[in-house]
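Reading the structure
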Amino acid sequence: MRKKLVLASVLLSLGTPAFAADIIAPAPVKAPVAAQIFSWTAFYIGAHGGGAWSKWTGIDPTDPTATWSSATASGGIVGGQIGGNYQISNFVIGLEGTGAWSSVTLNADGPFGGGAGFNLSLKNDYIATVAGRFGVAFDRVLLYAKGGAAFTRDKYSVNNGLAGPLAGSASGSFNRTGWLAGGGIEWMFMPNWSVRAEYNYMGFGTITEQPVTTGNLVATPANVKLNIQTGTVGVNYHF
């Protein structure tokens, strides 16, 4: 009996340390995974659409007595943009180019068309810009301002409303270069995709316009000033 007690004691003493070690040994701890920091740094391409409003100030080339001080027009624009962003801390700088088809048109008669019976059409058929952007990022929301160059074209058309030998018309196409200032807000709503809302003011200064005439109508050189405002929404894909 005594030999059995001694044997049991020896076996117990041999098993206890291993058993205790199994209980006390800590479970392996996984290293924490660092949260991925979102960045606006990327090239992107997208599309936009919205409305535009223009104002011409000057003299009608076909009627020096008629001013355009209240000649305003509105229409829609639709186009695309391409650009790139680079983020430093929470500041974002970038460069963007846009091009859009425009339906901004003024159709008028009476004083704006050289008098009773005249029919006048003024149109900006495209709007393009090249601008720098500077913004502040709040994670996936970007507030930004932009400034740069703007380009458009005036298309002028008028007829005197008469028939036969008394009929006359004038037309012209005049390219313009100006400046742009604006800003907007952009939201990255899912990986690689963002939506934005933007406002821009474009000043094109004053240029001399002289349409080409046919028939019984005379046109003289006229200084015409133009500005355009746009409000658009758009979507971008970021590479």
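The structure this text deals with has already been given above.
Values in this document were obtained by computation on a predicted structure and should not be read as measured data.

One pass over the full model with this rule turns up 8 salt bridges. Among the charged side chains, a network of salt bridges with common partners joins E96, K146, R196 and E198.

In this structure, L106 sits in strand β4 (residues 91–110). For L106, a relative accessible area of 11% puts it in the buried group. L106 sits 32 residues away from S74 along the chain, and the two C-alpha atoms are 7.5 Å apart. Those residues in contact with L106, other than ones at most four positions away along the chain, are W56, A71, T72, A73, L120, S121 and L122.

Another point: the packing of aromatic side chains. For the coordinates displayed, the defined rule picks out 6 aromatic pairs. Summarising the aromatic geometry, the rings of F91 and F134 are spaced 6.1 Å apart at their centres and angled 20° between planes, so their arrangement reads as stacked. With F91 in strand β4 and F134 in strand β5 (residues 115–138), the pair connects residues that are 43 residues apart, well separated along the chain. Judged by its relative accessible area of 47%, F134 falls in the partly exposed class. Relative to F239, the ring of Y237 has its centre 5.1 Å away and its plane inclined at 85°; by these criteria the two rings are edge-to-face. Members of the aromatic cluster, joined through ring pairs, are W193, Y237 and F239.

Checked against the element boundaries, T98 lands in strand β4. When its relative accessible area of 15% is taken as the criterion, T98 is described as buried. Engagement of the side chain of T98 in a polar contact is seen with the side chain of T129, the distance being 2.6 Å. Setting aside chain neighbours within four positions, we find T98 in contact with H48, G80, Q81, I127, A128 and T129.

Before going further, it helps to examine unusual backbone geometry. Of note in the backbone geometry, S89 takes a positive phi value of approximately 60° without being a glycine. Among the structural elements, S89 can be located in the loop between β3 (71–88) and β4. A positive phi angle is found at D139, which is not glycine, with a value near 60°. As for its position among the elements, D139 is in the loop between β5 and β6 (141–159).

Proteins that are soluble and globular tend to have nonpolar side chains buried together. The biggest cluster of nonpolar side chains holds 27 residues, and the ones touching the most others in it are W56, L106, Y156, V158, M202 and I228. If you list the elements that add at least two residues to this core, you get β1 (42–60), β3, β4, β5, β6, β7 (168–190), β8 (193–209) and β10 (222–238). In terms of residue count, the dominant contributor to this core is β5 (5 residues). Core analysis: the second largest hydrophobic core is formed by 7 residues, F38, W40, L142 and M188 among them.

The rules behind each value
Residues numbered from 1 in each chain as written. Predicted model: local features only at pLDDT ≥ 70, side-chain atom pairs only at ≥ 80, totals over all residues. Heavy atoms only, no water. Salt bridge = Lys/Arg side-chain N within 4 Å of Asp/Glu carboxyl O. Helix = DSSP H or I, 4+ residues; strand = E, 2+ residues; numbered from the N terminus. Buried < 20%, exposed > 50% of the residue type's maximum accessible area, 1.4 Å probe, protein only. Contact = heavy atoms within 4.5 Å. Phe/Tyr/Trp six-rings, centres within 6.5 Å; stacked < 30°, edge-to-face > 60°. Polar contact = N/O pair within 3.5 Å; in protein donor to acceptor, adjacent residues only side chain to side chain. Core = buried A, V, L, I, M, F, W, Y, C linked by side-chain atoms within 4.5 Å.

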